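# Understanding the architecture of this molecule
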Amino acid sequence: MNVKRAYRFRFYPTPAQAQVLAQTFGCTRFAYNHMLRLRSDAWLQRQERVGYHETSAALTALKKTPEHAWLNDVSSVPVQQALRHLNTAFTHFFAKRARYPAFKRKHGPQSAEYTTSAFRWTPALRELRLAKMSEPLNIRWSRTIPKAAKLTTVTVSLDAAGRYFASLLCDDAVASNPVVSGQIGIDLGLTHFAVLSTGEKVTSPKAFRQNESRLGRLQRRLAKKKLGSKNRAKAKSKVARVHAHITDSRRDFLHKLSTRLVSENQVIAIETLSVNDLQRNHPLAKSISDAGWSEFVRQLEYKAQWYGRTLIGIDRWYPSSKRCSVCGHTQGSMPLSVRTWTCPECDTQHDRDINAARNVLAAGLAASAHGEAVSPVLQ
């Protein structure tokens, strides 16, 4: 299967490269914000629609003015790509898939996208050179890029913690994994991140909860610092590093678990959940956000598609917890406080979560047999 695949690496720029990147980030941010204001004013004041081609012509004219001649000091490709991203943002907004585009901030995560004409990639030497730079980037190659992969786009980013990353988008060919006999049902939860139909309970890392007290302490220190001071910048960086650690820990856990499940099982059944509705339960909202269910299902979806697995979504109203996985009897009601129960029909004692996972698998196999398999989408 031919897919678009991104390889993300951390790199350490030289002072000269950092200066070029800072200028590039500034120019792309300015172009995005300037054209966003142009398009917004055109509609609010004159009910005139301005598209990508009009903003591109306006950018060309802007570069010729003495006040904005500094836009020519960096590669034109990332600046032009900013206009494409703005046009994509408006497309999503008009399709009601996203909110109205927002202005980009100077203090925060930054990014710039380079297409093939603005970088030089040497696979044999593993060297990546960006436009306006004389030296290759000092990249930590934590993964191997396949020789057959064709590099199409490089996105350079700077996160709030001050770390530089290069995301290499490639046209890659992914081979399906060998067919296996494993079948698994997954019940997502908070006490345990996932309970499998095999009886295994996967402990939740609780990345945010583990760092919550430290994060709160650093945030209180940040709130006491004077605006614009160097001490405030240092305190803000410490808070950002904790957030980065939380994000990295959660992502690492989700990738390892999703990869293992896809490798070991041919059929994966999972209950479809509406995360937005569940987060309205304020006592549990923070824990639900910390779990990362949506990201986990997203990873299962694309990995199952890549490697030839079947992912089945079960209707979220299916009574997986209240139905006996042995005889099929369904209980009338079962509050969350009930963790174990005995079926009144067959006297089988059930662990609530394991029983739910077994029912999810059974319902998934039944749906697959009738051709009703649908990948779950968490909202």
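Residues numbered from 1 in each chain as written. Predicted model: local features only at pLDDT ≥ 70, side-chain atom pairs only at ≥ 80, totals over all residues. Heavy atoms only, no water.

This brings us to the sheet that holds strand E1 (residues 2-11). Taken together, four strands build an open sheet; the order of strands is E1-E6-E5-E2 and the sheet is antiparallel. With partners counted over all chains shown, the strands left at the sheet margins are E1 and strand E2 (110-115), one partner each. When the angles between neighbouring strand axes are averaged without regard to direction, this sheet yields 20°. When E2 meets strand E5 (residues 150-158), the two strands line up antiparallel, connected through six bridges. Each bridged residue has a counterpart across the sheet, and for Ser-111 the counterpart in E5 is Ser-157. Sheet contacts for helix H1 (residues 15-46): E1, E2, E5 and strand E6 (164-173); angle to E2, the most-contacted strand, approximately 95°. (Pairing = 2+ DSSP bridges. Helix = DSSP H or I, 4+ residues; strand = E, 2+ residues; numbered from the N terminus. Axes fitted to C-alpha atoms, helices over the stretch in contact; angles between N-to-C directions. Contact = heavy atoms within 4.5 Å.)

This next bit is on the packing of helix H4 (residues 207-223) against helix H7 (residues 282-291). Two elements in contact, H4 and H7, have axes separated by 8 Å at closest approach and are oriented at 115°. Note on element contacts: H7 touches H4 through Lys-286, Ser-287 and Asp-290, opposite Ala-207, Phe-208, Arg-209 and Glu-212. Considering only residue class, the contact of H4 with H7 consists of two nonpolar, one polar and four charged. (Nonpolar A, V, L, I, M, F, W, Y, C, P; charged D, E, K, R; others polar.)

Turning our eyes to something else, we now look at the pattern of salt bridges. In the structure shown here, the tally under the stated rule is 19 salt bridges. A salt bridge links Asp-351 to Lys-201, with the nearest nitrogen and oxygen atoms 2.9 Å apart. Of the two residues, Asp-351 is situated in strand E13 (residues 349-351) and Lys-201 in strand E9 (residues 201-203); the sequence distance between them amounts to 150 residues. Here Asp-351 falls in the partly exposed class, since its relative accessible area comes to 25%. A residue is classified by how much of its surface remains accessible, and Lys-201, at 33% relative accessible area, is partly exposed. Among the ionic pairs, Asp-290 bridges to Arg-250, the shortest N-O distance being 2.9 Å. Of this pair, Asp-290 sits in helix H7 while Arg-250 sits in helix H5 (residues 230-264); the two residues are 40 residues apart in sequence, bridging distant segments of the chain. Arg-250 carries the same exposure label as Asp-290, and that label is buried. (Salt bridge = Lys/Arg side-chain N within 4 Å of Asp/Glu carboxyl O. Buried < 20%, exposed > 50% of the residue type's maximum accessible area, 1.4 Å probe, protein only.)

A few words now on the pairing of strand E3 (residues 119-122). Of the two faces of E3, the one holding Phe-119 and Trp-121 is buried and the one holding Arg-120 and Thr-122 is not buried anywhere. Relative to strand E4 (residues 127-130), E3 runs antiparallel, the two being bridged by four bridges. In the sheet register, Trp-121 faces E4, and the bridge partner there is Leu-128. Two successive antiparallel strands, E3 and E4, enclose a turn made up of four residues, where Arg-126 displays a positive phi of approximately 50°.

Turning our attention to the layout of surface pockets. Put simply, the largest pocket is a space of about 970 Å³. Considering the residues around the largest pocket, the lining is formed by 29 residues, among which Glu-271, Leu-273, Leu-278, Leu-336 and Arg-352 are closest to the centre. Put simply, the parts of the chain that give the lining of the largest pocket at least two residues each are strand E7 (183-188), strand E8 (192-196), helix H6 (275-278), H7 and helix H9 (352-369). The class makeup of the residues in the lining of the largest pocket is 13 nonpolar, eight polar and eight charged. If you add up the space inside the second largest pocket, you get close to 820 Å³. As for the second largest pocket, its lining consists of 25 residues, and the residues nearest its centre are Ala-6, Arg-8, Arg-143, Arg-251 and His-255. At the level of elements, E1, E6, H5 and helix H8 (293-306) are the ones that each hand at least two residues to the lining of the second largest pocket. No other element matches H5, which puts seven residues into the lining of the second largest pocket. Of the residues in the lining of the second largest pocket, the class split is seven nonpolar, seven polar and eleven charged. Both domain 1 (2-173) and domain 2 (183-205 + 238-370) contribute no fewer than three residues apiece to the lining of the second largest pocket. (1 Å grid on protein atoms, 1.4 Å probe; cavity = no way out; pocket = protein on both sides within 12 Å on 5 of 7 lines; lining within 4 Å. Points joined across faces, edges and corners; volume = space filled by probe spheres on them. Domains from an automatic or database assignment.)

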